Every structure is written in C-alpha cells, then in structure tokens.
Amino acid sequence: MEKRYIIFFVLAIAIIGSNMLLQRWLAPQRAQQAAQQAQKAGEKEPGAKPAEGKQAEKADEAPAAIAAEEKPAGEKAAAENPAGQPAGAARPEMPLRLLTLGSADPASPYRMLVTLTSRGAAVERIELNSPRYHDTNWNDREGREDDSGYLGHLAVTDTPDKAGAVVQVVGPGTPAAAAGVKPGDVITAFDDYHVRTALDYRDALRRTRIGQQVALRIAGRDKPVEVTLRPRPVQIVQPERHGVVSKKMDPLSYLITLESVGKDKLATDADELPGITMRTENWELLEVANADEARFGYTLSDHGLEIIKRYRLAKLPEGTASDPDTQAYHLVFTLEIRNIGKEATDVAYRFDGPTGLPTEGSWYTNKIATGGSGLRDVVVGQRQGSSVSTHFAAAATIADDKANIHWQDYPVAFAGVDAIYFASAIVPQHRDLKENWFADTIPVRVGPVSEDKYKKNQTDVTCRLVSQPFSIKPDAPLRHEFLLFAGPKRPSLLEQYDLTGLVNYGWFGFVAEPMLAILHFFYGIIPNYGVAIVLLTVLVRSCMFPISRRQAVNAQKMQELQPEIKRITEKYKNNMEARSKAQQELFRKHNYNPLSGCLPMFLQLPIFIGLYRSLSVDVELRLAPLISESVRWCSNLGAPDMLWYWEPYLPAYFAAPSGWLGPYLNVLPLVTIGLFIWQQKMFMPPPADEQAAMQAKMMQYMMVFMGVMFFKVASGLCMYFIASSLWGIAERKLLPKTKPAVGDEKKTIDVASRPVATSPTNGAGRAKKKSGGKR
C-alpha cells in the first residue's frame, strides 16, 4: 500500500475543508469590519427589522380591487401637477392598477415581461421570455417536484360572492393572452375542476403538466377557452408567497419612501415617516406609453412634495435578437422628487431593491452556499479609484439579525441581490463616477426566517440604499436615473453593465475562467456540453501526459520493488531506523521518488475545485442536457443527474432536500466512485504488512465517504471525473511494462552488518555481475 495516496486524499480533503471554512470565516470577518466602520462613522443600523414581514402581511390583507382598463397610449396628466392635487389638499384613495411592460413571447423585441402594480408603484414580477431560461421542475419553497404548466400570471382574486376567480392582468405573449383571456374575465371552471375562489384556481393550475391543453370556463362566454400550457419562465423577482394557502407575501421590489424631510427623520425601527404610506398605498397611474413605459405619481401635500416614478423597458435593437449579450435585460428607472411648495426643502429618500429572487438548486448547493455562491446574497459594488470592489452578504447571515453591515465609504457602483444563475441589481447612472448619491447601503431581511436551519440561506433579502440629503428648490426637482438589471449571470453580458463582480469562481478563478472558455469553445464546435466536457478532459489529460506517464512508471516500479520492501520489513520488524535506511537506499538505487506520484494529483486539485465552482455557477450549463431535453435523466449538467425521485420511499434523514443524499437517486457519482475504487485495486500494490492492509481498508471506507459527500455534485463534474478515470485506466493499460528490477528474492539488504550504500547482496547488483561474467 502506497502511503502517498493516503497522504493525498487526507491533504485534499483538508484543503477543500479549509477552503470552505475559511470562506465561512472570512464572510463574518468582512461583516465585522463593515460594522466597525459604521460605528466609527457614528451611525447605527436602520435596517434588517422583523417589521418588514408585518408590513408585507398588512399590505397583502388589504382587499384587492379589480384592475381598471389601462389608459390609451400617450394619455398624459397635467404637466404642471401630474397628480392633480394642490398643496395642502387631502390625497384621494387610488384604485389598484396592474399593467405589464414587454412580452412573454421570445419573438418580441423584448427580453422580459414585467408586471407593475400601483401599490407602492412597484415591480411585482419580472419573467424572462427566452426558452433557454425556463423554470426547473423542482419547487424550492415547497420542497417537491413541480411539473405544472404556465398559463401566465393572471393575479386572480375572489369575486364578492365567491363564484369564480377574477383575472386582473394578462401579459402579452402568454398562453392566456394567445387564447383570448382578458382582464376582468371571471374564471368559473378549470377543465372539470370548479373554480369558486382564487385558491381553487391556483390549486387546479398546480395539477397541470407542461404541454397539457386545458379548458377555461369564463362567465358570459358560451364556449370554453382552450389554452395550451408552456414551460414556466424564470421569475427573476416576485413577491414571495409562503405556502399555497397563505396570503402572506413579502414586500414588492423597488419600493421608495422618504428617509427624511426637513427636520423629520425616519426612526430606526419604523418603515415610513408618520402620515406617509408610500410603500403600501396605491399611487396614481399617470401615463402608459406604448408597451414599454409607465409613470406613477404620489403627492405629499402636507410636505409640499410630489414623487414621480417612471419605468421604461429596454427594447432590442433591430437585428440583435439572436445575440444573447445584447444589453436589453433592464428597466430604465427614473425617480423625480418635485417641490410644489414655495421654499427649498431638504429631502433624503430610501430605495429598497429586488425581492424574491430564484432559489433553485437549494437541495444540492447548500454545501457551497458561502460568499459569492450562496442561494441569495446581497451584493454591493463600490468604486475605489478606477476599479469596483464587490462585497457579498449571505442570506443566512442576514437572517440572524446580527449582521450590522453597512457599506458607506465609497460611491455605490451597483447594489442588488445575487442568486446562483441570475441576479437583479440597481445601477446608478452617475454623470460623474466619483459622485455618490447614497450615504449608506444596508442588507435587509424582508421575509420570515424558517425554523429549518437548512432553509436559512433561502431567506428573502434585499438591499437598501439610503440617499444623502438633497436641498430641493421649487424650480429645480431632484432627478436620479438608474438601470434595473434583471437577467442571467453571463460574464459577457454582465460586463456591459459593469457587473462582472457578480460571478465569483473562488480562489481558483485563474483556473476556472480559462477552462470555461475552452469548454464553451468546444460547445461551439459540438453543441453538447456533455461531449464538450469529455473533450476538455482529453485536453487536460493530454497536457498532463508527461507527468502522469512518470507517475505510472513510478507505480510500476513500486509494484516491482514490493517483494524487496516486504523482505526488508520482515527483517527489521523491531528496528524502524534500519528499515527506513534500507528502503531509502532501495529507492535511491532504482531512481524511485515516493512523493513524485502525488505531483499530478495536486496539479489536478486546482482543476477540480475550479471546475467544481465554475460548473456550479455557469448559467450555460443550467438545464443543458447530456442526451436530449426530452430525456429527463441528466437533463441539467449543472445539477445532479436525478435518475429517480426516491424521497417518498426513504427516511427524511437521507432523502429530504436537507438530507445526506437528497431527494433523488444519482447514478453518475456512484459510477465515479466505482471507477476510483477499481483504479485503486488494479494499480495499488498488494499490502506488505498488516498495517498496510489496514490502510487499504481505510482507503476503501474513505472512498465510500467521498461518495456520500459528493453524491449531490453537478453531473457535469461527474462526467469530467469519469472521463479522466477512463483515460487513466487506458493510460496504465497501454503503457509498456518494465522488466523486473529485483532478481534474487531470497536475500535482503543487511543494514546492520555492512554499509547500505556498498552492499553487494542486492539482487540487481548480482544481476549486473552475472551479466558482466557472461560477456
């Protein structure tokens, strides 16, 4: 048994474990440093309050009104006072209005469908329309498989008499829009399922399957509406609902309120200033321009202020629809604060970021959910000279309400929430890069914390930007413009938004980035990422062939020297020093270095960790199939292969999403470990003593432990290891065998009676003498 393999595996596990522990340790360290900076600045944390959840509950329990029809394109309110209210007048109650920007049709000139609501003049949800970014079949919030189809977000509500579900909004390009469903329609039946409430409708939709054709009965129509369901699109932001039955929902995205007006300042534990309900009250819909722009207004008569929020969805330039990196994954958001009084007023505002980002992959990525690989991280980029420094705060850290994190020292380049494959960020459009609109940026928890520790990293979080106080004069409104990015984390796309810091490959990024570039190059030649991974493996192993060949030769030498080592061990059982000297002399005589075999293994360690991290965050491998999209097994190379859903048949300790093995039986990790064990038995020399035999058994147990530890790794990484193991086996089998170096097996080196270096009793020495004699 060669000790170098044991040393390698022990060191490898130690390095991987140290890497994970260091990252976990460094994240709180960064948080602590940020807190110390905040304390030095003499400021206290105003965010991360449980009150956010209460506010969301109250907002959701308010009765939902049926959306009025949208105003015709180009309709505008009065230019002098769009809200139509003079200073000091009571603000009338506004109806709830829902409208959409963009389209869910991939052939449209938009990348997304955005649903806006007048409640807080906020973004309710953003859905990507590319078939490449459809949703997975695993429901992270409910911890179950979910193959239900997509009809379109209709925001249904109950009728007063509980006789159906009222459609409030229908997005262009959705299956519902294609079938002729309109806002105001009352759905009374879903196939054979009677619909009396909105909950009935949601329950019926959960029972559907992708590609299924359903019949909707709509009040007042003679014939049912036939709708063919599509795969669900990825929803980048959404108000997160806690359970199917629950009405409790987290706050909406991109909410605005005032931090201070004159001498009135928002209290640390308050959501808004007294008498102001900008976050939960309905704003007035001022304008709907075409299909990609809307404007909302809110008047604060008592403070002599008027706030305007304008959203404009980016449109694809002609001829760029086929380019996935076209800069069209954003809304242009303009915040305007007007002084409708007579004197200048000092105003500061609070701008909350996106909520409800995807948590897909929660059951197989929880072991690497640190730093830039968490399920949900609040991320902030700060300009430091000509560069941007990126900082992360993990959701699990924010959930504890103990993280006193503030980013204050440098201008904000961007702030948002980062998921594994997608991100949403606020990008201020400064005229001068040194300009800083914000005094503080804080990570905030907006959703409840689960009692299950496993779900802590799924806590709904967002960023909060607190502006500097600005003096606003009656004739000089404050106008700030932002890009609201919401899209996939493609490095080439993020580069156009100056968001490259969102992709984090860890310490071995210098290995991960070129390997991914080569992988994508191979995919461009053969459009299958499984084949591309095999080609990448062949390239890596070919480059390492000289080293691996030397390793194989050394392994053969070790096997040939094994009988002599056994005799040395038997002769010097009670003399460790003599045994060590004899073995060293034997290795020196035959030019064998016992540590040289570890070199290629340690060279592969950065490749392993770099590839592990890159495959875990590369959006191109998300839902990339090994065989075909129609074959469910191994249909996502960025996730485990998921052969069989076995959670209902095994104890939760093993098969729950937080269990040791997860809810699926994965085959590729078993094949990988099987090949490792086969290599070990084929190429390891037989144990020379009882200690070596015990070490061999420990190695086998270690292999089983590694199989459990890596049972939920990405199938793309398993493909790499399988191809690498098969290459190694073929390399050893095809390598020419060397002739035995030890001749006489009856005599051994006598270290005690004569100097080891000049001992003539070695079999190889006698072989040379005999050879010389024959000559």
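In this text, all values refer to a predicted model and were calculated from it rather than measured experimentally.

**Here's the deal with the sheet that holds strand β2 (residues 112–117)**
Here is step 1: An order of β1-β2-β3-β12 is seen for the four strands of this open sheet, with the pairing classed as antiparallel. The open sheet has two edge strands with one neighbour each: β1 (98–102) and β12 (235–237). Neighbour-to-neighbour, the strand axes of the sheet open up by a mean angle of 25°, direction not taken into account.
Here is step 2: Pairing of β1 with β2, which is carried by five bridges, proceeds in the antiparallel orientation. Bridge pairing in β2 links L101 to V114.

**Let's talk about the pairing of strand β22 (residues 412–418)**
Here is step 1: A large share of β22 lies buried, amounting to seven of its seven residues.
Here is step 2: Judged from the six bridges that link them, strand β20 (residues 377–384) and β22 form a sheet pairing that is antiparallel. Directly across from Q382, in β22, lies its bridge partner V412.
Here is step 3: Pairing analysis gives four bridges linking β22 to strand β23 (residues 422–428), with the strands arranged antiparallel. Considered in β23, the bridge of D418 is made with A423.

**So, the side chain of N129**
Here is step 1: Within the secondary structure, N129 sits in the loop between β3 (122–128) and β4 (138–139).
Here is step 2: Residue class for N129 comes out buried when judged on its relative accessible area of 9%.
Here is step 3: A distance of 3.0 Å separates the side chain of N129 from the backbone oxygen of S103, its partner in a polar contact.
Here is step 4: Sequence-distant contacts of N129, that is, excluding residues within four places in its chain, are made with S103, A104, D105, P106, S108, Y110, R111 and M112.

**Examining helix α10 (residues 545–571)**
Here is step 1: Between its first and last C-alpha atoms α10 spans 38 Å; for 27 residues at 1.5 Å apiece the expected length is 39 Å, and the two agree.
Here is step 2: Along its length, α10 shows its largest kink, about 45°, at Q562, and proline P563 lies within four residues downstream of that point.

**Focus on the nonpolar core**
Here is step 1: Counting residues in hydrophobic clusters, the biggest one holds 136 residues, and the most contacted among them are L258, Y311, Y349 and F351.
Here is step 2: Here this core gets eight residues from one element, more than from any other, and that element is helix α12 (residues 598–617).
Here is step 3: V195, L205, V214 and V225 belong to the second largest nonpolar core, which has 21 residues in total.

**Focus: unusual backbone geometry**
Here is step 1: Although it is not a glycine, D191 adopts a positive phi angle of roughly 55°.
Here is step 2: You can see D191 is positioned in the loop between β8 (186–190) and β9 (193–194).
Here is step 3: Positive phi, normally seen in glycine, also occurs at M642, with a value near 55°.

**Thoughts on the packing of helix α8 (residues 509–525) against helix α9 (residues 529–543)**
Here is step 1: Following both chains from N to C, one finds α8 and α9 inclined at 125°, their axes separated by 8 Å at the closest point. One element, α8, and the other, α9, form an angle in the oblique class. In this structure, α8 meets α9 at a crossing whose hand is right-handed. Facing M515, I518, L519, H520, F522 and Y523 of α8, the residues of α9 in contact are Y529, A532, I533, L535, L536, L539 and V540.
Here is step 2: Considered class by class, the residues forming the contact of α8 with α9 number 12 nonpolar, one polar and no charged.

**Here we look at the state of the cysteines**
Here is step 1: Taken as a whole and assessed by the stated rule, the structure comprises zero disulfides.
Here is step 2: Counting only cysteine sulfurs, C718 is the nearest neighbor of C634, a cysteine outside any disulfide, at a range of 8.5 Å.

**With respect to the packing of α9 against helix α16 (residues 715–734)**
Here is step 1: In contact at an axis separation of 9 Å, α9 and α16 are set at 45° when each is read in the N-to-C sense. Between α9 and α16, the angle falls in the class oblique. Between α9 and α16 lies a crossing whose hand is right-handed. The residues of α16 that touch α9, namely those facing G530, I533, V534, T537, V538, V540, R541 and S542, are G716, M719, Y720, A723, S724, W727, G728 and E731.
Here is step 2: Of the residues contributing to the contact of α9 with α16, the split by class is eight nonpolar, six polar and two charged.

**A closer look at the sheet that holds strand β21 (residues 387–394)**
Here is step 1: Spatial strand order, β15-β16-β17-β18-β27-β23-β22-β20-β21: nine strands in an open sheet with antiparallel pairing. Edge positions in the sheet fall to β15 (284–289) and β21, since each has one partner strand and no second. Neighbour-to-neighbour, the strand axes of this sheet turn through a mean angle of 20°, independent of strand direction.
Here is step 2: Here nine bridges tie strand β17 (residues 305–313) to strand β18 (residues 330–339), and the two strands are oriented antiparallel to one another. Each residue of the ladder has a partner; that of E306, found in β18, is R338.

**With respect to the pattern of salt bridges**
Here is step 1: For the structure shown, the criterion picks out 26 salt bridges.
Here is step 2: Among the salt bridges present, the one from R232 reaches D146, with a minimum N-O distance of 3.7 Å. Here the residue R232 occupies a position in the loop between β11 (225–228) and β12, and D146 occupies one in the loop between β5 (144–145) and β6 (157–158), the gap between them amounting to 86 residues. For the pair R232 and D146, one class covers both residues: buried.
Here is step 3: Residue R310 is joined to E293 by a salt bridge in which the shortest nitrogen-to-oxygen separation is 2.7 Å.

**Some details on the environment of G610**
Here is step 1: Checked against the element boundaries, G610 lands in helix α12.
Here is step 2: Using a relative accessible area of 0% as the deciding quantity, one classes G610 as buried.
Here is step 3: Note: C-alpha distance between G610 and F508 (102 residues apart in sequence) is 5.1 Å.
Here is step 4: Excluding anything up to four places from it in sequence, G610 contacts F508 and A512.

**Topic: α16**
Here is step 1: Its 20 residues give α16 an end-to-end C-alpha distance of 28 Å, which sits within 8% of 28 Å, the value for a rise of 1.5 Å per residue.
Here is step 2: Counted residue by residue, α16 has 15 buried out of 20 residues, so it is predominantly covered.

**Quick look at a nonpolar patch on the surface**
Here is step 1: On the surface, L643, W644, Y649, L650, Y653, F654 and W660 cluster together to form a nonpolar patch covering roughly 780 Å² of accessible area.
Here is step 2: Take L650: it is sitting in the loop between β28 (644–645) and α13 (652–655).
Here is step 3: What makes L650 partly exposed here is its relative accessible area of 34%.

**Focus on the packing of aromatic side chains**
Here is step 1: The full count for this structure, using the stated rule, is 26 aromatic pairs.
Here is step 2: Judged by centre distance (5.3 Å) and plane angle (90°), the ring pair of Y653 and F654 falls under edge-to-face.
Here is step 3: Through a chain of ring-to-ring contacts, three or more aromatic side chains come together here, namely Y254, F296, Y311, F333, Y349, F351, W437, F438 and F482.
Here is step 4: Of note, K309 hangs over the ring of W283, and the distance from its end group to the ring centre comes to 5.3 Å.

Rules used throughout
Residues numbered from 1 in each chain as written. Predicted model: local features only at pLDDT ≥ 70, side-chain atom pairs only at ≥ 80, totals over all residues. Heavy atoms only, no water. Pairing = 2+ DSSP bridges. Helix = DSSP H or I, 4+ residues; strand = E, 2+ residues; numbered from the N terminus. Axes fitted to C-alpha atoms, helices over the stretch in contact; angles between N-to-C directions. Buried < 20%, exposed > 50% of the residue type's maximum accessible area, 1.4 Å probe, protein only. Polar contact = N/O pair within 3.5 Å; in protein donor to acceptor, adjacent residues only side chain to side chain. Contact = heavy atoms within 4.5 Å. Expected span 1.5 Å × (residues − 1). Bend = angle between axes of the 7 residues up to and from the residue. Core = buried A, V, L, I, M, F, W, Y, C linked by side-chain atoms within 4.5 Å. Parallel < 35°, antiparallel > 145°, perpendicular 65-115°, else oblique. Left-handed = near helix turned anticlockwise from the far one by under 90°. Nonpolar A, V, L, I, M, F, W, Y, C, P; charged D, E, K, R; others polar. Disulfide = S-S within 2.5 Å. Salt bridge = Lys/Arg side-chain N within 4 Å of Asp/Glu carboxyl O. Patch = residues over 30% accessible without salt bridge, like charges linked within 9 Å, V, L, I, M, F, W, Y side chains within 5 Å. Areas by Shrake-Rupley, 256 points an atom, 1.4 Å probe, with all protein chains shown as cover. Phe/Tyr/Trp six-rings, centres within 6.5 Å; stacked < 30°, edge-to-face > 60°. Lys NZ or Arg CZ within 6 Å of the ring centre and 35° of its normal.

Honestly, it's all geometry; don't read function into it.
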